[in-house]
Amino acid sequence: MSLIDLSGNLLEVAFIAYLIATLLIGGSIKSNKPDGAEKRANKWGNLAILVTIIGFLSHIGYFITRWIHSGHAPVSNMFEFTTAFGMFLVGSFILIFFMYRVTALGLVALPIALLIIAWAGMFPQDVTPLVPSLQSHWLTIHVITAALGQSILAISAVAGLIYLLKDVDTKKKGKQRFWLEAILYFLVLILGNIVTSAVFNAVGYEAQYSYVDKNGMSQEIIYNVPAIFGMNESATLTEGAMDPMIEVPAFIHALKLTTVVWAIIVGTILYILIRLIARRRIADMLKPLVKKVNLQLFDEIGYRSVLIGFPVFSLGALVFAMIWAQEAWGRFWGWDPKEVWALITWLFYAAFLHLRLSKGWEGNKSAWLALIGFAIIIFNLVVVNLVIAGLHSYA
Amino acid sequence: MEKNVCVCGHENPVGTKICVNCGRPLTEEAKSQKVLDMKYDGSAIRSKTYNKSIVDKVWNFFSSVKVGVALIIITLVVSSIGTILKQEAFVAAGNEAGRAAFYEDSYGSFGKLYYTLGFSDLYNQIWYLVLVAMLGISIIVASIDRGIPLHKSLKNQRVRRHESFMKRQRVIAEGYVPSSDSSKVLDVVEEKMKKLNYKVRRDGEALLAEKGRFSRYGPYINHVGLIIFLIGVLMHKFPGVYVDESMWIREGETRAIPGMEGYFLENKQFIFETHDNDPTTAQIQQGVNAVAKNYQTDIVLYKQAEDALPGQTDNLEVVKEYSIRVNHPLEHNGYALYQMDFRLNELKEMSFQLTNKETGEALGEVAVDLRNPKKEYVIDENTKVELMEFYPDFSGFNNEGEPQTLSPNPNNPAFIFNMITPEHPDGEISFVAIQQTVEPAGDNTYKMAFSGIDTINMSGLTIRMDKTIPILFVGGFIFLLGLAIGSYWNHRRIWIQQFENGQIRLAAHTNKNWFSIKKDLDAITEHAHLPQYIDQLDDEKDKDKDEENDQEDQKN
């Protein structure tokens, strides 16, 4: 077995371990019948953490073997970065777990890590050689520190979501109930995105089209999902492949739009199915799992993870970024979209801390802010990398 | 100045919420609180105390955290607008009209609006700078406004606090210790607290254990760092502090370096390499054949001799030889030269054979250096070629039928030759461009037959000098230091009093991380057999929620 195959296998082991750990945590919370329940819950919880750690070690194994194989830190393309982000998220969860000893945190942290890793799997997984601008030890230092900072910050959203699942009254109609469910619906959409990609990959769907780009040049493109939207002046090259249903102008990337629309369609179907089968909101389904959590403690965990993550993020995403930019391009700051969004993320968490310290935004408000912060981080990962073109674009 | 005299006799500055000496709440608001608001330790904040003069009003505006947060959010939202479309800095078009056209052509009417509103160069707009400056002022004013009173209050802390203070802390305990421990309980606590790295002070039967007070200064330290950083950024506007130039240099050429007085650069060769990997999935999807591996310019840096005249290039002294690569700029004397761009295979020289069209006999070869074309090229006594006109970047003919050139760069060279041969001593005129020949006089005997090209690589370099870098570095370092101090440490205080009847009263406060101070409290409670503490804020909400849930369960 070659090193790169081993690396892939280790990642799969990690994925499966996280899946098992999630179920174990579910078990640790479910089994709270009076007779010695606490003891049993602890046992399940400890087992869950053990499995999580095994998964995490395997995940690190993936990271190191891939690093050795490719000769550079595996954070240089969308697949590698996203996988690493998932790894740091689990690592942050383990760190916070050992500080506060609450397994319930894993109930949200691990499924989100699973979603992130599965989503990463949608991108080409082969090792890409580094372009000159990435050939620097700052790639390792800057990207890893920034991803680590983001993942610790993300834990505050994990704690926030658990807080809100318990705190928000889902019996009464209201904004909070709506938005809480909207977040869970969004997570189902990501699942829809993954499912679509996995299904069409499994059946080996491929269709090639030619199109005219915005500079008037003729280009070709391969779709791995049936084309809902076609590129500008699209012509079907693969025989028997469907013609795109709707053609869009050149400044819109039809393939990306198609992918998003597929995710929405499949995700919405999944969501409706869940609702039909359970006859409840997802928030209501999750409520029993979090009813024993201590709100005060989860509020503090959320705050603490911002406190821990914010300096790491500042160091990695701003300070190291500036040092590298100075070395590579001769200017420490260039208003590239990714730089701007790192600044926006930083400003947001600065606002979070000031609101908390001086305006007393704790508990419910703080939890919502943590979720907005995570939305910005995900926006950085998805939209800034794939949609907004710039120096940092992975697309 | 007016004073606010507490019952204990201490004179507090007006606006003080909690007496600095004994801790009694002074304002009605504080008195009504079940748990005291310990922000800034209840000291008198200027902005909360005065609101009469214009100065007060301006001061209060900028010191307000509400205003500060609003400024942060506005900056955040405005900044994001600048990422919707490409910024002008990333648009190739050289002039204003070109840029305006770019936005309209690429993004339609939205692009035009975006350009008109100035969003296409958002981060250089004066209102954006004003926004950042206001944020800077807010940071300074708010830090002074809160920082100084807080410092005074922390410095003057008394050990003994009044009951009304103790009972209004979030974590409190009251009760008795087993009588055997009673007499030495404070000694035991003191010893244990010292082991936990607390600083302990005693005042009779009162004890104050304190830890991590310096962490309260973290926010103020990081604000100082931010201000230093912003000052560094502002200094870019001063002349002589910042140099940003660029140059194109061909292989074999030696040129003066713009912005770097007295220095010359020779480009020995430009190297472009690609990875020899099998195409990856991403490459196939995007139709990219090869991935770049290296952009490199091998250079020699020269310095003019001390006594040289400006522009004099004959006795240059070699300073150093270097290979400039991406991520590896040439650094010298505070200046740095970066590999930014390149052009491969730029046309350097074109060769032609002066050929008889009928016989195919060649009279000789003419090689035109496209950067330095000569007026005439002599082949022998009776034969020569005059270059009458040269169009380096030929773009077609205008309405009068005159050839046009787009630029002085030899991208698409065209020539008007006058071929002087023994047969035609007055010469025959021919217009020659790539794959195109026009003979204005009709049928020529001779032609300029294209026989070869010579190309050369060009390297695009950027020259930068930034004297503010050390300031930015210091600012960034202080910022991170302050951030770490404020985030990773916290200020914990535990007050304990023992009364004559042996009763113990305990109160604890931390600015953050209640979880950890409770662990400390657990340790001393167990060690010194203190009464169990309670958290006055704890679980009120949880209890409500839990009750709700239980009711739900029963219903189900």
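Residues numbered from 1 in each chain as written. Chains lettered and ligands numbered in written order. Predicted model: local features only at pLDDT ≥ 70, side-chain atom pairs only at ≥ 80, totals over all residues. Heavy atoms only, no water.

Under an unreviewed UniProt entry, chain B has the name Cytochrome C biogenesis protein and belongs to Ureibacillus manganicus DSM 26584. Word for word, the UniProt comment on chain B under Subcellular location (unreviewed entry) is "Membrane". (UniProt positions renumbered as here; feature names shortened; annotations may be inferred.)

Within an unreviewed UniProt entry, the label attached to chain A reads Cytochrome C biogenesis protein, and the organism entered is Ureibacillus manganicus DSM 26584.

Asks: It is not clear to me how helix H4 (residues 65-81) of chain B should be interpreted in this structure. Could you clarify?
Replies: Since one α-helical turn is 3.6 residues long, residues separated by three or four positions face the same way. All names here are of chain B. Between its first and last C-alpha, H4 extends 24 Å over 17 residues, near the 24 Å set by a 1.5 Å rise per residue. Buried within H4 are the following residues: Val65, Val67, Gly68, Val69, Leu71, Ile72, Thr75, Leu76, Val78, Ser79 and Ser80. You can read the cap of H4 off the contacts: a side-chain oxygen lies 3.0 Å from the backbone nitrogen of lysine 66, and it is on serine 64. (Helix = DSSP H or I, 4+ residues; strand = E, 2+ residues; numbered from the N terminus. Expected span 1.5 Å × (residues − 1). Buried < 20%, exposed > 50% of the residue type's maximum accessible area, 1.4 Å probe, protein only. Polar contact = N/O pair within 3.5 Å; in protein donor to acceptor, adjacent residues only side chain to side chain.)

Asks: Could you clarify how one ought to interpret the packing of helix H8 (residues 185-195) of chain B against helix H12 (residues 514-528) of chain B in this entry?
Replies: When two helices pack together, their arrangement is given by the angle between the helix axes and by the axis-to-axis distance. Residue and element names in this part refer to chain B. H12 packs onto H8 with a crossing angle of 140 degrees between their chain directions and a minimal axis gap of 10 Å. In terms of axis orientation, H8 runs oblique to H12. In the crossing of H8 with H12, the sense of the turn from one axis to the other is right-handed. Packed against H8, whose contacting residues are Val185, Val188, Val189, Lys192 and Met193, the element H12 presents Ala523, Ile524, His527 and Ala528 at the interface. (Axes fitted to C-alpha atoms, helices over the stretch in contact; angles between N-to-C directions. Parallel < 35°, antiparallel > 145°, perpendicular 65-115°, else oblique. Left-handed = near helix turned anticlockwise from the far one by under 90°. Contact = heavy atoms within 4.5 Å.)

Asks: Help me understand the domain arrangement of chain A, please; the structure alone is not making it clear to me.
Replies: A common way to express how large an interface is: the accessible area buried when the components associate. Residue and element names in this part refer to chain A. In terms of domain boundaries, chain A breaks down into domain 1 (3-170 + 281-386) and domain 2 (186-280). The interface is formed by nine residues belonging to domain 1 together with 13 residues belonging to domain 2. For domain 1, the biggest contributors to the area lost against domain 2 are Leu115, Met122 and Ile282; these three give 43% of the whole. Linking domain 1 to domain 2 there are zero salt bridges. Summed over the shared surface of domain 1 and domain 2, the number is one residue pair in polar contact (both at pLDDT 80 or more). Every element with two or more residues in the side of domain 1 that touches domain 2 is listed here: helix H4 (104-120) and helix H8 (282-290). Residue composition of the side of domain 1 that touches domain 2, grouped by class: seven nonpolar, no polar and two charged. (Domains from an automatic or database assignment. Buried area = accessible area lost by both parts, 1.4 Å probe. Salt bridge = Lys/Arg side-chain N within 4 Å of Asp/Glu carboxyl O. Nonpolar A, V, L, I, M, F, W, Y, C, P; charged D, E, K, R; others polar.)

Asks: It is not clear to me how the interface of chain A and chain B should be interpreted in this structure. Could you clarify?
Replies: Contacts between the two partners involve 71 residues from chain A, matched on the other side by 67 residues from chain B. Summed over both partners, the interface of chain A with chain B comes to about 5,600 Å²; 62% of that surface belongs to carbon and sulfur atoms. Inspection of the chain A/chain B interface yields zero salt bridges. Run the count over chain A and chain B and you get 14 residue pairs in polar contact (both at pLDDT 80 or more). Elements represented by at least two residues in the side of chain A that touches chain B include exactly helix H3 (78-100), helix H5 (137-167), strand S2 (218-223), helix H9 (295-329) and helix H10 (337-359) of chain A. Element by element, the count of residues in the side of chain A that touches chain B is highest for H9(A), at 21 residues. Its residues placed into classes, the side of chain A that touches chain B shows 45 nonpolar, 14 polar and twelve charged.

Asks: It is not clear to me how the pairing of strand S4 (residues 199-203) of chain B should be interpreted in this structure. Could you clarify?
Replies: Moving residue by residue along a regular strand, the side chains alternate between the two faces of the sheet. All names here are of chain B. One ladder, built from five bridges, connects S4 with strand S5 (residues 206-211); its direction is antiparallel. Residue arginine 202 lies in a different strand from S5, and its bridge partner there is leucine 207. Joining the antiparallel neighbours S4 and S5 is a turn of two residues, in which glycine 204 adopts a positive phi near 60 degrees. (Pairing = 2+ DSSP bridges.)

Asks: Just checking my understanding: could you explain the side chain of Thr196(A) for this structure?
Replies: Residues and elements named next belong to chain A. With respect to the helices, strands and loops of the structure, threonine 196 is situated in helix H6 (residues 175-202). For threonine 196, a relative accessible area of 5% translates into the label buried. Discounting chain neighbours no more than four positions away, the residues touching threonine 196 are Val225, Trp262 and Val266.

Asks: It is not clear to me how the sheet that holds strand S7 (residues 254-256) of chain B should be interpreted in this structure. Could you clarify?
Replies: Sheet strands associate in pairs through backbone hydrogen bonding, adopting either a parallel or an antiparallel arrangement. All names here are of chain B. Spatially, S7-S8-S9-S10 is the arrangement adopted by the four strands of the open sheet, whose pairing is antiparallel. Two strands in the sheet have a free side with no partner beyond their single neighbour: S7 and strand S10 (317-325). Averaged over all neighbouring strand pairs, the angle between strand axes comes to 25 degrees, with direction disregarded.

Asks: Sorry if this is basic, but what is going on with helix H11 (residues 364-386) of chain A here?
Replies: Residue and element names in this part refer to chain A. An ideal rise of 1.5 Å per residue puts 33 Å on 23 residues; H11 measures up with 33 Å between its terminal C-alpha atoms. Of all the bends in H11, the largest measures some 35 degrees and sits at phenylalanine 379. With 17 of 23 residues buried, H11 lies mostly within the body of the structure. (Bend = angle between axes of the 7 residues up to and from the residue.)

Asks: I would appreciate a short explanation of the sheet that holds S2(A) in the present structure.
Replies: Residue and element names in this part refer to chain A. Ordered by their spatial adjacency, three strands build an open sheet running S2-S1-S4, and the pairing between neighbours is antiparallel. The open sheet has two edge strands, S2 and strand S4 (235-236), and neither has a second partner. Of the strand pairs in this sheet, strand S1 (residues 207-212) and S4 are connected by two bridges, and their pairing is antiparallel. The residue of S4 that forms the bridge with tyrosine 209 is threonine 236.

Asks: Can you help me understand the side chain of Asn267(B) in this one?
Replies: All names here are of chain B. The residue asparagine 267 is located in strand S8 (residues 263-274) in this model. For asparagine 267, a relative accessible area of 0% gives the class buried. One polar contact links the side chain of asparagine 267 to the main-chain carbonyl oxygen of isoleucine 249, over a distance of 3.0 Å. What asparagine 267 contacts, discounting residues up to four positions off in sequence, is Ile249, Arg250, Glu251, Gly252, Glu253, Thr297, Asp298, Ile299 and Ser459.

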